[in-house]
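This is what each chain is made of:
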Amino acid sequence: MACRAAILISGSGTNLQAFIDRVAAGALDLDLRLVFSNRPAAFGLERARQAGIPTACIEHGEFEDRESFDRAVADVLDEFDPDLIVLAGFMRILSPWFVGHYEGKILNIHPALLPKYPGLNTHRRVLEAGDKWHGSTVHFVTEELDGGPRILQGRLRVCDGETAEQLQHRVQAVEHRIYPEAAGLVASGRAVYRDGEALIDGQPASDPIVQTFD
Ligand code: GAR
């Protein structure tokens, strides 16, 4: 039976689109049950509607604290008992309660070669530091922001004179390849979370799988 998944977004949803396309092509065995947004104007909601995936939106501003919002989100998700929660540009820090409620089931993609550059403005920070390599990381979510065990990284060389916008564009193209692939590893049971670690094919993975792109 396909893994029941929700995708959580806040914006454009190009990573969501990569999942939709991969599932439609029969190349990813996920049952996309819900696309959730904390922003009603998120274009990703429209992508979901066009693909016939149910959507839900709750605005976080209506809640007095982080956990009460997260509990309202979980009430929606738990209606279909999700196996996997995919954060795809969901720009909210999750409460410890939410992370514990779905322990080992939440994936995130972060546009940096973690543990370098957790947080915001990663492309600009990479350029300012003069790094030769940049990329994106798929990891299990723990209470530590952008700090959970890593599964898969896609890396590329930074080009001379490249702007942050150009770099962001190239990194996003990498994300569209690695995120569905990493989710497939989890959905098939090849990548699992156990006691704060990622296991890949049964082995503790202190380092992620790394793929290099042009
Ligand atoms: C992606 O690049 C993702 O790595 C980033 O938001 C973008 C969403 O794009 N996530 C974070 O920065 C989380 N810390 P999308 O809406 O087009 O998929």
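Structure: see above.
So, here is what we can say about the structure in this document. (Residues numbered from 1 in each chain as written. Predicted model: local features only at pLDDT ≥ 70, side-chain atom pairs only at ≥ 80, totals over all residues. Heavy atoms only, no water.)

### Section: the overall build of the protein chain
Part 1 of the argument: Summing up its helical and strand segments, the protein chain has six helices and eleven strands in all.
Part 2 of the argument: Over its C-alpha trace the protein chain gives a radius of gyration of 17 Å, about what one expects of a compact globule, namely 17 Å for 214 residues.
Part 3 of the argument: Once the C-alpha set of the protein chain is aligned to its principal axes, its extents read approximately 50 × 40 × 35 Å.
Part 4 of the argument: Within the protein chain, counting contacts between residues at least 6 apart in sequence, those at least 24 apart form 64% of the total.
Part 5 of the argument: In the form shown here, the protein chain has an accessible surface area of approximately 10400 Å², with 47% of it arising from carbon and sulfur atoms.
Part 6 of the argument: Separation between the mean location of the 21 positive side-chain charges and that of the 31 negative ones in the protein chain comes to 6 Å. (Helix = DSSP H or I, 4+ residues; strand = E, 2+ residues; numbered from the N terminus. Rg over C-alpha atoms; globule rule 2.2 N^0.38 Å. Contact = heavy atoms within 4.5 Å. Areas by Shrake-Rupley, 256 points an atom, 1.4 Å probe, with all protein chains shown as cover. Lys, Arg positive; Asp, Glu negative; His and termini not counted. Charge placed at Lys NZ, Arg CZ, Asp CG, Glu CD.)

### With respect to the site of the ligand
Part 1 of the argument: The ligand sits among S12, G13, T14, N15, G89, M91, I109, H110, P111, Q172 and E175.
Part 2 of the argument: Contact distances for the ligand include 3.3 Å between a nitrogen atom and a side-chain N or O atom of H110.
Part 3 of the argument: A distance of 3.1 Å separates an oxygen atom of the ligand from a polar side-chain atom of Q172.
Part 4 of the argument: When isolated, the ligand has an accessible area of 450 Å², and the protein chains bury 85% of it. (Near = heavy atom within 4 Å. Polar contact = N/O pair within 3.5 Å; in protein donor to acceptor, adjacent residues only side chain to side chain.)

### Describing the packing of helix α5 (residues 122–129) against helix α6 (residues 164–187)
If you want to describe how two helices pack, look at the angle between their axes and the distance between the axes.
Part 1 of the argument: Running from N to C, α5 and α6 cross one another at 120°; their axes reach a closest spacing of 9 Å. For the pair α5 and α6, the crossing hand works out as right-handed. Across from H123, R124, V126 and L127 in α5, the residues of α6 making contact are A164, L167, Q168 and V171.
Part 2 of the argument: Looking at side-chain class alone, the contact of α5 with α6 contains five nonpolar, two polar and one charged residues. (Axes fitted to C-alpha atoms, helices over the stretch in contact; angles between N-to-C directions. Left-handed = near helix turned anticlockwise from the far one by under 90°. Nonpolar A, V, L, I, M, F, W, Y, C, P; charged D, E, K, R; others polar.)

### Some thoughts on the sheet that holds strand β8 (residues 191–194)
Part 1 of the argument: Read from one edge to the other, the open sheet built from three strands follows the order β8-β9-β10, with strand pairing classed as antiparallel. Two strands in the sheet have a free side with no partner beyond their single neighbour: β8 and β10 (203–204). (Pairing = 2+ DSSP bridges.)

### Notes on the side chain of S95
Part 1 of the argument: When you line up the elements, S95 lands in the loop between β4 (84–87) and α4 (96–101).
Part 2 of the argument: The exposure class of S95 is buried, given its relative accessible area of 3%.
Part 3 of the argument: Reaching out from S95, the side chain makes a polar contact with the side chain of D70 at a distance of 2.7 Å. (Buried < 20%, exposed > 50% of the residue type's maximum accessible area, 1.4 Å probe, protein only.)

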